[in-house]
Structures are given as C-alpha cells and as structure tokens.
Amino acid sequence: MKLGAGTIASGFAVPGTGATFGDPNDRSVEQWGLFEFAAQGPAAGNPFADVEFGARFTLNHRTVMTAGFYDGNGTYKVRFSPDTVGHWSFETTSSARELAGHTGGFECTAASGDNRGPIGTAHQFHFQYADGTPYFPFGTTCYSYAFIGEPFDQSTLENLKQAGFNKVRLCLLPKPLGEQKPVAMPFDRIGSTRDENLSDDSESQEKFDLARFNPAYFQHVEQRIQDLLAANIQADVILFHPYDAWGFKSMGEEADDRYLSYAVARLSAYRNVWWSIANEYDLIKSKTMKDWDRFFRIVQESDPYSRLRSIHHSRVVYDHSKPWCTHASLQEFDFEKSAERLAAWNKPIIYDEIQYEGDIARRWGNLSAEEMTYRFWRAIVNGVYATHGETFMSTNGEPVWSDAGRLHGASPARITFLRKLLESTGTTGLFAAESPYYLNAGNPGERCLYYFDYHCVGEYEFPLPETVQFKAMMINPWAMTTAPIPGTFSGKSKITLSGKPYMAVLFEKA
C-alpha cells in the first residue's frame, strides 16, 4: 500500500541529523542523516513482544533491511540513515497486516556543514569520519547524562561544548543518583512502589515488567543523543553496567536480548552513536563470557550501519581480538604496554578510564590536572588514545562531572590543546616509534612528535631522517603555547631545549 490513511508522517526536523520531514512522498534527507517513518498499528496485548515491524530500504539494486520499534500509543517507527546519495524507496514489513506493505521514498542529498558522516577505524590503529576527515577521540565521561534531566541536561551539554570534548561515554540504563532521580525508568513499573535517595550500593524494592519498555525514557535519551550530534560530539552508549539498583544487570537472557534489539532499533540510525557493550563488564557476576560474546553478536547483527563496538573492563581484560570488537576500550594507564596490545589485537586502543581528575578520597578519583594532562600526552606518543574523567566533591547537591553537570578541573583546556595540535598536522594518526630513547610518535618522512615527560632535557640530538628537511616547534603542554625553532633540520640534529619537564617538540616536513 502507499502512504495514506492510518499513517503518521513526522512533520518536524530532527536537529543535527540532516533530516527533514514533510510530505510523506516528498522528503529529502542528507547523506548519513536520519529518515523516520511512523505508522499506526496494534496497541492491544504487548506490542513490544507481539509485533514485528521493519522496512526494506532500496537504492537501485541495493537493499538494506532495518528493524523498527514500538514507540507507544499505537505508534510504530522505523529509522534509516542513508550512506549514498540518490533516490531511496522503502516498503514496510510486519507480522501485523495493517503495518505491512507501506511504501514511500525520499531523496538523499549530499552532506553539508559539519556532517562528515559516522566514525570508523582507519589505518589499522586510528579513526576517521566517513568522508575521510581524520578523527581523534578526545572524550570524557558523563555516565548519567542520558537520564539525569534538567537542569543538568543543558549545563552538561554547554560544558562539553566549551571544553572541546568530541566524545562522551554515557550509560543507557540508569544508575542511582542519590537525591537526584532519573527522569524515568526504561521499563514499565509493576505497582506503585517508588524508592527515594538510592545510593550506588543499595537495592531498589521497585518491580518492573521487563517485556514492556517505557518509550518516554528512550525518547529522552534520544534527545540527548541528538543534542550531542548537533554539537559534533560522539555518543559512546554503554549498554550494561554494574552500578544498578533495580536488577537491570540481571534481567535474564530473554530480557537482555530483547533490550539490546530494541536499543539498536531505536538508536543505530544516529550517526554519532558508538556501542560499548558494558562498563566494567567483569563486575556483573550474573553474566558469563558467552553472554558477552552473544551481546556483541546481537548488536553486530542488528545494526545495519556497523557502528563502532567495544567493551570496558575492571580487572579482567576482554579478548579484543574477537572479530566483533572494532577497537579496544581499557581501564588502564600503563601506556608502555600499548605496542604489545596493538600487535596482539591489530585494532585502535582507547584507554577509556585512566582515573579521574578530582579530590575525592578514592585513589582513582583525585588526580591532579597536571597528571591527567600528562597521561593524555603519554597515550598519544604511544600511538593510542585516552578519555578524561572528573570527580570533584560537590557540596551543593550537584552531581560530579562523571555523572553530569559542570566541569571544575584544569585539564580539559590542555587536553583540547593537544587535540587541536594533532588536527592541525593533517595526519589521520601517529604511530609510536619502536624502542625509542625518548617517547615519540609520527608518520615516517612527514612528522614526528617527541614528548619528554618528566625528563628535564636541555639539549638533545634528534635522529631525524637524512633525506627530508623538517621544521620544528617547541611545545609547552601545560602553558598551551608553541614556539617555532629557527632553521630546518635533517639527519642527526642537535637542538637546545628548555631544560624543563613535560615539554614536547613537533617536527613536520618543511
């Protein structure tokens, strides 16, 4: 059937997605934007479990199958992110007769503005946008951003933009927030019990129907992801975590699998979404390694766009060489082991938890800004990446930054300085030197970045290639300053340095 009676055609634009919705038969969507089709269908029984819904999207001889989802009040939706310019047509499929056979189409136009497409891996150990633009993941951690609500939604977003982070790790399932409560719950409640002021180690008495999702909760999450997309920030969505007070970490196989499929159907069309299967997966004792492998396969098979996939550990490192991992996500700061890990896994590595800048009593939560900055530089010259976190004590009831809210530390500006420095070089990523005397990474014959960490070097003879002329720049990572070093250099080049610790020198082809 063609679009007609009983069909809802969304009449709004999704900010930051490149999608515009108007006449159901006359729509345009940017490449890598988001197209959404909605239709009315069965509301009786349990539509989340009883009704299958999706669509086939076709361009010329190519067809992409996409799963839809139930969004409440009898409304079913399917979303699609086209990766190729041209006229796409679609036809819905469903186990419900009134939802099957809807047809339509849209014109996919060229990407514009800041739309560079989704992120993928590049040159084995690095990342880039779909249009080939290099991407350096300089992210932070705001576990509760997706469900904490106002006034912290807006303050978190503004702080993210001002700080210059281009990725944020966030949980999809809620975690306790003390006096602050999640905006909603992801599943329908059974009964009227409500818990107040849950702590991270307390258990809720609330009960939930795990076969019935709460669309309002996921709609709120989607708005946060759209806000991040409009700000050119990647959303690294954590699907499971152990900080749960409601039993969502131990739902059972059927509920787990249904939740993953629903999450992927709702969120995968947003081009800024990454999948983190879990945070500290090994602390969730109700799951086995077979479960984690199965979760990876479900996400991989359900996601028509192959968004980036990883898993984060506490003590037991996952085998990131498995084919469904696109990159490694680590809770470590032993960057000196990066070469061994890169060789073993043959994938990019992001040290997603290198402890936190802050002042709390826990040893992992009171790094100085200098130490956090130092760890980011150590990551880069080892050919890998790092993620920021912050946990300063709050005395006015506000959450700590690692949940959401406001930044207080001094490292974010220095971290962004490093990101912009890398972006200015034009490289897709730096490769660490093998067994260097002083840490350095670069691209042979093009550039090389030296970092002297705690060494107070007053003079050094740099072993540069003899066949290339280089210009050089002195860098003060803490002061965020650069100064050109007069002359050009090749071969063994002795240069007078500052004699101060934590300095860097960048050589680029003249």
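Our subject is the structure that appears above.
Just so we're clear, the structure is a prediction, and the values are computed from it rather than from any experiment.

Asks: If you had to explain the sheet that holds strand β12 (residues 126-129) to someone new, which residues and values would you point to?
Replies: The sheet built from 3 strands is open, its strands ordered β11-β12-β13 with antiparallel pairing. Strand pairing shows two members of the sheet lacking a second neighbour, β11 (119-122) and β13 (134-135), which therefore form its edges. Summarising the sheet, β12 and β13 pair through 2 bridges and their orientation is antiparallel. Residue Gln128 lies in a different strand from β13, and its bridge partner there is Pro134.

Asks: Quick one: what's the story with the pairing of strand β19 (residues 273-278), residue by residue and with numbers?
Replies: Among the 6 residues in β19, 6 count as buried, and that is most of the element. Two strands pair when backbone bridges link them, and strand β18 (residues 234-240) and β19 are joined in this way by 5 bridges, in the parallel orientation. Within the sheet, the bridge partner assigned to Ala235 lies in β19 and is Val273. Viewed along the sheet, the connection from β18 through helix α4 (residues 253-267) into β19 turns out right-handed.

Asks: Break down the nonpolar core for me, citing the residues and quoting the values.
Replies: Judged by nonpolar contacts, the single largest core of 133 residues is most densely connected at Leu239, Phe240 and Trp292. Counting residues per element, this core draws most heavily on α4, which supplies 8 residues. Setting aside chain neighbours within four positions, we find Trp292 in contact with Phe240, Ile277, Ala278, Tyr281, Ile284, Lys287, Ile311 and Tyr318. Counting residues in each nonpolar core, the second largest holds 19 residues, with Tyr450, Val457, Phe462 and Ile485 among its members.

Asks: With reference to specific residues and values, describe the side chain of Asp403.
Replies: Tracing the chain through its elements places Asp403 in the loop between β25 (390-391) and α8 (411-425). There is a polar contact of 2.7 Å between the side chain of Asp403 and the side chain of Ser144. At 3.1 Å, the side chain of Asp403 forms a polar contact with the side chain of Lys175. With near-sequence residues (within four places) excluded, Asp403 lies in contact with Cys142, Tyr143, Ser144, Tyr145, Lys175 and Leu177.

Asks: Hey, could you go over unusual backbone geometry for me, with residue numbers and the actual values?
Replies: Peptide bonds are, in most cases, trans, and in most cases residues other than glycine have a negative phi. Between Glu150 and Pro151 the backbone carries a cis peptide bond, its omega angle lying at 10°. Mapping Pro151 onto the fold places it in the loop between β14 (139-141) and α2 (152-163). Of note in this structure, His123 is not a glycine but carries a positive phi near 50°. Mapped onto the elements, His123 comes out in the loop between β11 and β12.

Asks: Describe the layout of surface pockets, and please don't skip the residues or the numbers.
Replies: In this structure, the second largest pocket encloses a volume near 470 Å³. Residue lining of the second largest pocket: 23 residues in total, with Phe48, Val51, Glu52, Gly68 and Ser261 positioned closest to the centre. Taken together, the elements giving at least two residues each to the lining of the second largest pocket come down to α1 (47-50), β6 (62-67), β7 (69-70), β8 (75-80) and α4. Residue contributions to the lining of the second largest pocket peak at 5 residues, all from α4. Its residues assigned to classes, the lining of the second largest pocket comprises 14 nonpolar, 5 polar and 4 charged.

Asks: Residues and numbers for the pattern of salt bridges, please.
Replies: Going through the model one piece at a time under the given rule, you end up with 30 salt bridges. We note a salt bridge from Asp83 to Arg62, for which the minimum N-O separation is 2.8 Å. Taken together, the residues Asp83 in the loop between β8 and β9 (86-94) and Arg62 in strand β6 connect sequence positions 21 residues apart. Asp83 gets classed as partly exposed once you look at its relative accessible area, which sits at 34%. Among the residues examined, Arg62 registers a relative accessible area of 35% and is labelled partly exposed. Connected through salt bridges with shared partners, the residues Glu36, Asp71, Lys77, Arg79, Glu222 and Arg266 form a single ionic network.

Asks: Outline the sheet that holds β14, supporting the account with residue identities and numerical values.
Replies: Spatial ordering of the open sheet is given by β14-β15-β18-β19-β20, a layout of 5 strands whose pairing is parallel. Strand pairing shows two members of the sheet lacking a second neighbour, β14 and β20 (309-310), which therefore form its edges. The sheet contact formed by β14 and strand β15 (residues 167-171) spans 3 bridges and is parallel. Along β15, the bridge assignment pairs Gly139 with Lys167. Across the sheet, α4 touches β18 and β19, and the angle it forms with β18 is around 165°. In the packing of helix α5 (residues 289-302) onto the sheet, contacts are made with β18, β19 and β20, and the angle to β19 comes to roughly 160°.

Asks: Could you give me a rundown of the packing of α2 against helix α3 (residues 215-230), with the residues and numbers involved?
Replies: Relative to each other, α2 and α3 sit at 25°, their axes nearing to 11 Å. Taken together, the axes of α2 and α3 lie roughly parallel to each other. Viewed along their axes, α2 and α3 form a crossing whose handedness is right-handed. Of α3, the residues touching α2 (which contributes Asp153, Leu157 and Leu160) are His220, Arg224, Asp227 and Leu228. Tallied by class, residues from the contact of α2 with α3 come to 3 nonpolar, 1 polar and 3 charged.

Asks: Now, about helix α6 (residues 338-345): what can you tell me, with residues and values included?
Replies: Of the positions making up α6, those classed as buried are Ser338, Arg341, Leu342 and Trp345. When α6 is viewed along its axis, its buried side chains cluster within an angular range of 100° and face the same direction. Among the exposed residues of α6, those oriented more than 90 degrees off its buried face are Ala339, Glu340 and Ala343. On its buried face, α6 is in contact with β21 (328-329) and β22 (349-351). In the segment just after α6, Asn346 is the residue with positive phi, at about 55°.

Asks: Which residues make up helix α7 (residues 369-381), and what values do they have?
Replies: If you check α7, its first and last C-alpha atoms are 19 Å apart, about what 13 residues at 1.5 Å a residue would give, namely 18 Å. Most of α7 is tucked away, with 11 of its 13 residues classed as buried. Listed as buried for α7 are Ala369, Met372, Thr373, Tyr374, Arg375, Phe376, Trp377, Arg378, Ala379, Ile380 and Val381. Gly383 sits one or two positions beyond α7 and adopts a positive phi of about 80°.

Asks: Go over empty space enclosed by the protein with me, naming the residues and quoting the values.
Replies: Counted by the stated rule, this structure contains 4 cavities of 30 Å³ or more. Here the largest cavity defines a volume of roughly 80 Å³. Asp114, Asn115, Arg116, Gly117, Tyr129, Leu229, Asn232, Gln234 and Arg271 are the residues that line the largest cavity. Of the pockets and cavities examined, the second largest cavity occupies roughly 50 Å³. For the second largest cavity, the full set of lining residues is His126, Phe136, Ile380, Gly383, Val384, Tyr385, Leu422, Gly429 and Leu430. Along the lines of polarity and charge, the residues of the lining of the second largest cavity split into 6 nonpolar, 3 polar and no charged.

The rules we used
- Residues numbered from 1 in each chain as written.
- Predicted model: local features only at pLDDT ≥ 70, side-chain atom pairs only at ≥ 80, totals over all residues.
- Heavy atoms only, no water.
- Pairing = 2+ DSSP bridges.
- Helix = DSSP H or I, 4+ residues; strand = E, 2+ residues; numbered from the N terminus.
- Buried < 20%, exposed > 50% of the residue type's maximum accessible area, 1.4 Å probe, protein only.
- Right-handed = clockwise from strand over helix to strand, strands pointing away.
- Core = buried A, V, L, I, M, F, W, Y, C linked by side-chain atoms within 4.5 Å.
- Contact = heavy atoms within 4.5 Å.
- Polar contact = N/O pair within 3.5 Å; in protein donor to acceptor, adjacent residues only side chain to side chain.
- 1 Å grid on protein atoms, 1.4 Å probe; cavity = no way out; pocket = protein on both sides within 12 Å on 5 of 7 lines; lining within 4 Å.
- Points joined across faces, edges and corners; volume = space filled by probe spheres on them.
- Nonpolar A, V, L, I, M, F, W, Y, C, P; charged D, E, K, R; others polar.
- Salt bridge = Lys/Arg side-chain N within 4 Å of Asp/Glu carboxyl O.
- Axes fitted to C-alpha atoms, helices over the stretch in contact; angles between N-to-C directions.
- Parallel < 35°, antiparallel > 145°, perpendicular 65-115°, else oblique.
- Left-handed = near helix turned anticlockwise from the far one by under 90°.
- Arc of directions from axis to C-beta.
- Expected span 1.5 Å × (residues − 1).

These figures capture arrangement, not role.
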